[in-house]
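# Remarks on the overall topology
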Amino acid sequence: MDWQNRPRCDEAPAWQALDSHFTAHFTGDHAFDLRRAFAQDPDRAQDFGIEAPHLFVDLSRNLIDRQARTLLVQLARECGLAEHRDALLAGAHVNNTEDRPALHPLLRWPAGTPQPTERLKEIHASSLSGLDEMLSSAEQIRLEKRYDDVVHIGIGGSDLGPRLALQALAPQVLPDAPRLHFVANMDGHELAAVLRGLKPERTLFIVASKSFGTAETLRNATSARAWFEAQGGTDLAAHFVALTARPDAAREFGVGRCFAFDDGVGGRTSLWSVIGLPVAVAIGRAGFEALLAGAHAMDRHFAEAPLEANLPVQLGLLDVWYRNFHRFGSRCVVPYHHGLRSLAFYLQQLEMESNGKRVDAHGRPLPFDTAPVVWGAVGSNAQHAFFQMLHQGTQVVPVEFIAVREPAHTLEGHQPRLLANALAQARALMLGHVADDAHRHFPGNRPSTFLLLERLDAASFGALIALNEHRVFTSGSLWGLNSFDQWGVELGKRHAGAVETGLASGRTEGLDAATAGLVRRLSC
Ligand code: F6P
């Protein structure tokens, strides 16, 4: 099948079959019930478990039966998912509205991997040499000890990945690494708090922006430069480096070193590129290479495992099943590991910027829903915040638990209790509790997925993130989307310019009445 003319999910025969199956088995008085499903099928837990590199996932507590799973795989086949995936991995221009490839998997290919085209061979060679240069500089930055503090300035994909990676891999940070700080928000409180106490002569600023045109990043970088100069800093070029696909713009700003990456690497999947510099400074070359290897192992699994046992595919298909048949509006992610406390923020951008679309890749309006709201927080804290709603609220929200077997600390008594809590919550959501008192009654039959990592290290973290990239690709592919553009973020940026002018001058011509009223209040 030609990947460019593959059918959209609602045009495939399996879509109708899924609809009928859903109506017959998941609605009405005899609707599917997890407790009954387990009672009737002793192999369910085993049958719905999938092993993938660095991860085991138990999907058995989801509102899905074997027939729906079979039909979803059939849907994937009819929609040319495998052909689309192969096109992605072969560097085809899957990002059709910007006429470019999505190169993040290529960044993880080890040297010597045969490439399908000459062009891809060139891109791979140049990305490997760019990465190698970045990794050598990261080692130098750490070993030279010229800087006590490194401030990474970026936003969205130029911030979320490195920030999360450093939280996740905190125990692997090398003892001689400088202190690392992140600044993303245009709100000056963030930068001001970071700058407090820094010495200009001992600080390195990393300005990370694919476009080198993002308002927040340029504002923060400009303020950092002004601070540096006002504090008596000299040799700007030695204290500002850039990570960008627009080295010309970065040089104009005045940075010294410029680490470039290809325009075909999407912002929200750029962790694997030179954008990972702060991560490489902290965990070293070997650590960063392990991160890439973990992600690459997941790429291979995605490329090679049969669809039935392919974890990103199965998660993406479940997302379609939940969004379009069960009509669940959100998915909650709860990692039981402090290092993954920002995972939900990362996944929010990955899923909602990729698949939060209302037209397909050909511009046709969609008659079905796309990206759910992705939200969540770290367990066990989340149990004392929103789990009440998950257990007894009016909406059913599929929960994704992530647990890590081996902790990186040696404190006694924490880990067994933490794991018990994660398992207990999944169990309670499913089993519920019958009580005469309505307030104490739990309906149960609430779905969850359980992801298990042996330990949280660079390789397993890489695999976890790549898993989510491919899962978002899978659902986006079935929905017929271009998951690699983000036109929806542009309009607000355009309005911000006009409003800023209004705020500075107090003039409100051309503004709508609501904005004008607020501008008048704020500019007096
Ligand atoms: O506005 C959204 C966005 O374009 C994201 O896609 C991107 O990750 C982020 O802004 C930052 O962009 P840049 O790296 O070009 O500064």
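Residues numbered from 1 in each chain as written. Predicted model: local features only at pLDDT ≥ 70, side-chain atom pairs only at ≥ 80, totals over all residues. Heavy atoms only, no water.

Of regular secondary structure, the protein chain possesses 19 helices and 11 strands. In terms of overall dimensions, the protein chain is globule-like: its C-alpha atoms have a radius of gyration of 24 Å, near the 24 Å expected for 524 residues. Projected onto the principal axes, the alpha-carbon positions of the protein chain cover approximately 75 × 60 × 55 Å. Out of the 524 residues belonging to the protein chain, those deemed buried represent 53%. Of all intrachain contacts in the protein chain linking residues separated by at least 6 positions in sequence, the fraction that spans at least 24 positions is 74%. (Helix = DSSP H or I, 4+ residues; strand = E, 2+ residues; numbered from the N terminus. Rg over C-alpha atoms; globule rule 2.2 N^0.38 Å. Buried < 20%, exposed > 50% of the residue type's maximum accessible area, 1.4 Å probe, protein only. Contact = heavy atoms within 4.5 Å.)

Empty space within the second largest pocket amounts to approximately 580 Å³. The wall of the second largest pocket is formed by 28 residues, among which Gln167, His337, His338, Gly339 and Arg341 lie closest to the centre. Counting residues per element, the ones that place at least two in the lining of the second largest pocket are helix H7 (160–168), strand S4 (179–183), strand S10 (399–406) and helix H16 (414–431). The dominant element in the lining of the second largest pocket, judged by the number of residues it contributes, is H7, at 4 residues. A per-class count over the lining of the second largest pocket returns 15 nonpolar, 10 polar and 3 charged. When residues of the lining of the second largest pocket are assigned to domains, at least three fall in each of domain 1 (35–94 + 305–481) and domain 2 (104–284). (1 Å grid on protein atoms, 1.4 Å probe; cavity = no way out; pocket = protein on both sides within 12 Å on 5 of 7 lines; lining within 4 Å. Points joined across faces, edges and corners; volume = space filled by probe spheres on them. Nonpolar A, V, L, I, M, F, W, Y, C, P; charged D, E, K, R; others polar. Domains from an automatic or database assignment.)

The subject of this paragraph is empty space enclosed by the protein. Tallied over the full model, the rule gives 4 cavities of 30 Å³ or more. Looking at the largest cavity, the residues that line it are Asp319, Tyr322, Arg323, Phe328, Ser330, Arg331, Pro372 and Pro398. For the lining of the largest cavity, the secondary-structure elements that each account for two or more residues are helix H13 (311–325) and strand S8 (330–336). If you tally residues by element for the lining of the largest cavity, the top one is H13, at 3 residues. Its residues assigned to classes, the lining of the largest cavity comprises 4 nonpolar, 1 polar and 3 charged.

What follows is about helix H8 (residues 188–195). Of all the positions in H8, only Leu191, Val194 and Leu195 are classed as buried. What you see down the axis of H8 is that its buried residues fit within an arc of 95 degrees, all on one side. Against the buried residues of H8 lie strand S3 (149–153), S4, strand S5 (203–208) and helix H9 (215–230). Following H8 by one or two positions, Gly197 adopts a phi angle in the positive range, close to 90 degrees. (Arc of directions from axis to C-beta.)

Turning our attention to the sheet that holds strand S6 (residues 240–244). Read across the sheet, 5 strands follow the order S4-S3-S5-S6-S7 without closing on themselves; strand pairing throughout is parallel. Strand pairing shows two members of the sheet lacking a second neighbour, S4 and strand S7 (258–260), which therefore form its edges. Neighbour-to-neighbour, the strand axes of the sheet open up by a mean angle of 20 degrees, direction not taken into account. Looking at chain direction, S6 and S7 are connected through 3 bridges and run parallel. Looking at the pairing, Leu243 lines up with Phe259 of S7. Each of S3, S4 and S5 is contacted by H8, which is oriented at about 165 degrees to S4, the strand it contacts most. (Pairing = 2+ DSSP bridges. Axes fitted to C-alpha atoms, helices over the stretch in contact; angles between N-to-C directions.)

So, about the nonpolar core. Leu75, Met134, Leu277, Phe288, Trp321, Leu343 and Phe461 are the most contacted members of the largest nonpolar core, which has 116 residues in total. Among the elements that make up this core, the one with the highest residue count is helix H12 (residues 277–304) (12 residues). Among the domains, domain 1 (35–94 + 305–481) and domain 2 (104–284) are the pair contributing at least three residues each to this core. Not counting residues up to four positions away in its chain, the partners in contact with Leu277 are Met134, Ala138, Ile141, Ile206, Val241, Leu243 and Phe259. Within the second largest apolar cluster, 22 residues are counted, among which are Val194, Ala221, Ala224 and Ala249. (Core = buried A, V, L, I, M, F, W, Y, C linked by side-chain atoms within 4.5 Å.)

This brings us to the environment of Gln167. Considering the arrangement of structural elements, one finds Gln167 in helix H7. Sequence separation between Gln167 and Ser342 is 175 residues; the distance between their C-alpha atoms is 8.0 Å. If we ignore the near neighbours within four places in the chain, the residues touching Gln167 are Gly339, Arg341 and Ser342.

Structurally, the position occupied by Ser330 is in strand S8. Classification of Ser330 as buried rests on a relative accessible area of 13%. Within the local environment of Ser330, its side chain forms a polar contact with the side chain of Trp375, the two groups lying 2.9 Å apart. The contacts of Ser330, once residues within four sequence positions are left out, are Pro372, Val373, Trp375, Val397 and Pro398. (Polar contact = N/O pair within 3.5 Å; in protein donor to acceptor, adjacent residues only side chain to side chain.)

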